[in-house]
Structure formats: C-alpha cells, structure tokens
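Structure assessment
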Amino acid sequence: MQEYNNTDQHIHLLSQVIDKVNRTYVPAKEDDSHTNLYFDPVGKQVLGRWFTPVEARFIFALNLAHFRFELIDDKLTTVRTVSISGKTIQELEAEIEVEFKDLGFDTSGLTKKLHYEIPAYEFATSRMKPLDSKHLTEWASYRSLANTACNDLLGLSQIEGEIRIWPHHFDTGIYFEPNAQVGIGFGLAMEDEMVGAPYFYFSGYPKTGEISYKDLPASEYWEWHAGEHWKGCTLSLTTLEGCSEVERKNILFDYLSNVYLWLVNV
C-alpha cells in the first residue's frame, strides 16, 4: 500500500487547488459541500463543481492522465490548461489566477488559505513530478471501487445521495438517513493511525442516545472500533490486496449488507 498512499497524498495536495476554485465560485453551503470533489474513473480526473463566474458555466478539474489542471465548459470542451510537472503549488495557483483573469473571472480571494489544514507532506513545497502510471492505475482502481461501493449501498438502502470526495480528509464518502433513528456514514478513507492503511468505513449517527456496540456482526475481514473520537466498522484495503475481482465483490457485499443491516436495527 506504500505507493498507493504516496499517490493518494500527492492527489490530495493537488486537489486543494480545486477546493480553492470551488470555494471562490460555487455558492456556499453550510456543510462545506460546495467545496467537495468527485473522482471520474471514465475521464481519469478529479472534478470540482459547476460554477458560473461569467455568463458561461465551467468546472475545474485535475486531469490525472495528462497531469494538468483543466477548465472545462458545459460542452465538456477544455477551455484552458495548466500543466503541473516541474511547478510548485504556489506557482500553479499563480498561473491559474492569470488564466482566470484573462477570461474575465473575478479572482479576488482565489489563492487565500483554506479554513482547514491538511498534513504537512514532505513534498508539499517541492516541484511536482508526474505520477507513476502503474501507481496511478492502482489508485484509480480503488477509488473507482469506492464509487461503486457507495452506489451499491445507496441502491441497497434505496436512498438518493451524492458520492463525493471531501477535500479536507480526502475520503470518498456518502451520508444518508435511512430512517428516523440513525444517519449512516460510509466511504473510503486515507491511511491513518487507527487502521494503519487506507480503509472502508461504516459509522452510525443516532438521532437520540448512543449506539451500544454489542452483539456485533463479526468477520475475519472487518474490524469494529468504539474509541473516544470515532465509532464504527472498518475494512482495510490490505484485506482486498491480491484478491480476484469476484473475491473483492463478495467481501464488500458481505461487509455492506451485514454492517448496514446491523446499524439500521440498533
């Protein structure tokens, strides 16, 4: 998972540029959802949200295949590009600001600091290097799997929802309320100290009281946590390494059905 994590961190850092574009041009929402992202496995790109800075509509994207930022219109035509290789984040932001000004966008506040901080990655101030194609393919495969798993859970629950990447913690996730008793959070998170690897997570948010973590559905594949700061069930990506596609699906389907059904019935 080391190379996956390295790729995850680089894309996390680069995605902060999209977050600043979203923050500047997309109408604000109280939960900050106007700033979140989507991984598009078809175009192999990380997308922001649609915004209308002038009379036309645009979306800002990180094109992973060509390693560049792109401004795309609503006909999916690339209007402007900014190549990433050999530049620092600060240089990229300055170049994007120039391109936006040239299009008549109001760029006041575009490069201001965000209201949160991400980890201080060692490479954060270095000039960016192209992502290794093999490692990028692995990253895209797992993030695409996360999209599919989120969609499968929404299908199981028969509830509409958005599958988005939250730029702060960089998890692909969904939140929905299947009944009047509990809200459900599910997604794929970056590696952290709790699990020690990237992982799928399930968490329940009761409307009243607390969840009693007893009589839990057990498996060799997933692990329950009931710590002070977070409670839920995780499935490490290391569990899925080396598995066939069918085996991965079976493990994920068991995880989705067993954990979800337990959470909605506690």
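Residues numbered from 1 in each chain as written. Predicted model: local features only at pLDDT ≥ 70, side-chain atom pairs only at ≥ 80, totals over all residues. Heavy atoms only, no water.

**Observations regarding the overall build of the protein**
Tallying secondary structure elements over the protein gives four helices and 11 strands in all. Its C-alpha atoms give the protein a radius of gyration of 19 Å, within 12% of the compact-globule value 18 Å for 266 residues. In terms of its C-alpha atoms, the protein occupies a principal-axis envelope of roughly 60 × 40 × 35 Å. Expressed as a percentage of its 266 residues, the buried residues of the protein come to 49%. By sequence separation, contacts in the protein at least 24 residues apart represent 58% of the contacts at least 6 residues apart. Put simply, the protein shows about 13600 Å² of open surface, and 48% of that area lies on carbon and sulfur atoms. (Helix = DSSP H or I, 4+ residues; strand = E, 2+ residues; numbered from the N terminus. Rg over C-alpha atoms; globule rule 2.2 N^0.38 Å. Buried < 20%, exposed > 50% of the residue type's maximum accessible area, 1.4 Å probe, protein only. Contact = heavy atoms within 4.5 Å. Areas by Shrake-Rupley, 256 points an atom, 1.4 Å probe, with all protein chains shown as cover.)

**Regarding the packing of helix α1 (residues 2–25) against helix α2 (residues 89–102)**
Packing of α1 against α2 leaves a shortest axis separation of 11 Å and a crossing angle of 35 degrees. Between α1 and α2 lies a crossing whose hand is right-handed. Contacts between α1 and α2 involve Leu13, Leu14, Val17, Lys20, Val21 and Tyr25 from the former and Ile89, Leu92, Glu93, Ile96 and Phe100 from the latter. Residue classes in the contact of α1 with α2 are distributed as nine nonpolar, no polar and two charged. (Axes fitted to C-alpha atoms, helices over the stretch in contact; angles between N-to-C directions. Left-handed = near helix turned anticlockwise from the far one by under 90°. Nonpolar A, V, L, I, M, F, W, Y, C, P; charged D, E, K, R; others polar.)

**Quick word on the sheet that holds strand β3 (residues 58–63)**
Strands sit in the order β1-β2-β3-β4-β5 across an open sheet of five strands; the sheet is antiparallel. Each of the sheet's edge strands pairs with one partner strand only, and the pair in question is β1 (38–40) and β5 (78–83). Here the average twist between neighbouring strands, direction ignored, is 25 degrees. In terms of strand pairing, β3 meets strand β4 (residues 68–73) through six bridges, oriented antiparallel. (Pairing = 2+ DSSP bridges.)

**Let's talk about the nonpolar core**
Core analysis: the largest hydrophobic core is formed by 76 residues, its most contacted members being Phe60, Phe69, Trp139, Phe186, Phe200, Phe202 and Tyr255. Sorting elements by how many residues they give to this core places helix α3 (residues 133–157) first, with 10 residues. (Core = buried A, V, L, I, M, F, W, Y, C linked by side-chain atoms within 4.5 Å.)

**Description of the environment of glutamine 16**
Checked against the element boundaries, glutamine 16 lands in helix α1. For glutamine 16, a relative accessible area of 9% puts it in the buried group. Every residue in contact with glutamine 16, bar those within four places of it in the chain, is listed here: Leu114, Tyr116, Ile118 and Pro167.

**Re the layout of surface pockets**
Looking at the largest pocket, its volume works out to about 960 Å³. As for the largest pocket, its lining consists of 35 residues, of which Trp166, His169, Asp171, Ala189 and Tyr201 are closest to the centre. The residue makeup of the lining of the largest pocket, split by class, is 14 nonpolar, 11 polar and 10 charged. Size it by volume and the second largest pocket reaches roughly 430 Å³. Forming the boundary of the second largest pocket are 15 residues, of which Leu13, Gln16, Lys20, Gln90 and Ile118 lie nearest the centre. Among the elements of the structure, α1 and α2 are those that each provide at least two residues to the lining of the second largest pocket. (1 Å grid on protein atoms, 1.4 Å probe; cavity = no way out; pocket = protein on both sides within 12 Å on 5 of 7 lines; lining within 4 Å. Points joined across faces, edges and corners; volume = space filled by probe spheres on them.)

**Focus on the packing of aromatic side chains**
Taken as a whole and judged by the stated rule, the model has 22 aromatic pairs. The interplanar angle of 40 degrees and the centroid separation of 6.5 Å between the aromatic rings of phenylalanine 51 and phenylalanine 58 together place this pair among those described as tilted. Phenylalanine 51 gets classed as buried once you look at its relative accessible area, which sits at 2%. Overall, phenylalanine 58 belongs to the buried group, its relative accessible area being 8%. Above the ring of tryptophan 50, the side-chain terminus of arginine 57 is found at 4.3 Å from the ring centroid. (Phe/Tyr/Trp six-rings, centres within 6.5 Å; stacked < 30°, edge-to-face > 60°. Lys NZ or Arg CZ within 6 Å of the ring centre and 35° of its normal.)

**Some thoughts on unusual backbone geometry**
Its identity is not glycine, yet phenylalanine 170 carries a phi of approximately 65 degrees, on the positive side. Mapped onto the secondary structure, phenylalanine 170 falls in the loop between β6 (164–166) and β7 (171–176). Of note in this structure, aspartate 215 is not a glycine but carries a positive phi near 55 degrees. Of note, aspartate 215 is situated in the loop between β9 (199–206) and β10 (223–226).

**Observations regarding α3**
Structurally, the α-helix is built with 3.6 residues per turn, so residues lying three or four positions apart point the same way. When the terminal C-alpha atoms of α3 are compared, their 36 Å separation across 25 residues agrees well with the 36 Å that a helix rising 1.5 Å per residue should span. Capping of α3 at its N-terminal end is provided by aspartate 132; its side-chain oxygen lies 2.9 Å from the backbone amide nitrogen of lysine 134. Backbone geometry just downstream of α3 places glutamine 158 in the positive-phi region, at approximately 55 degrees. (Expected span 1.5 Å × (residues − 1). Polar contact = N/O pair within 3.5 Å; in protein donor to acceptor, adjacent residues only side chain to side chain.)

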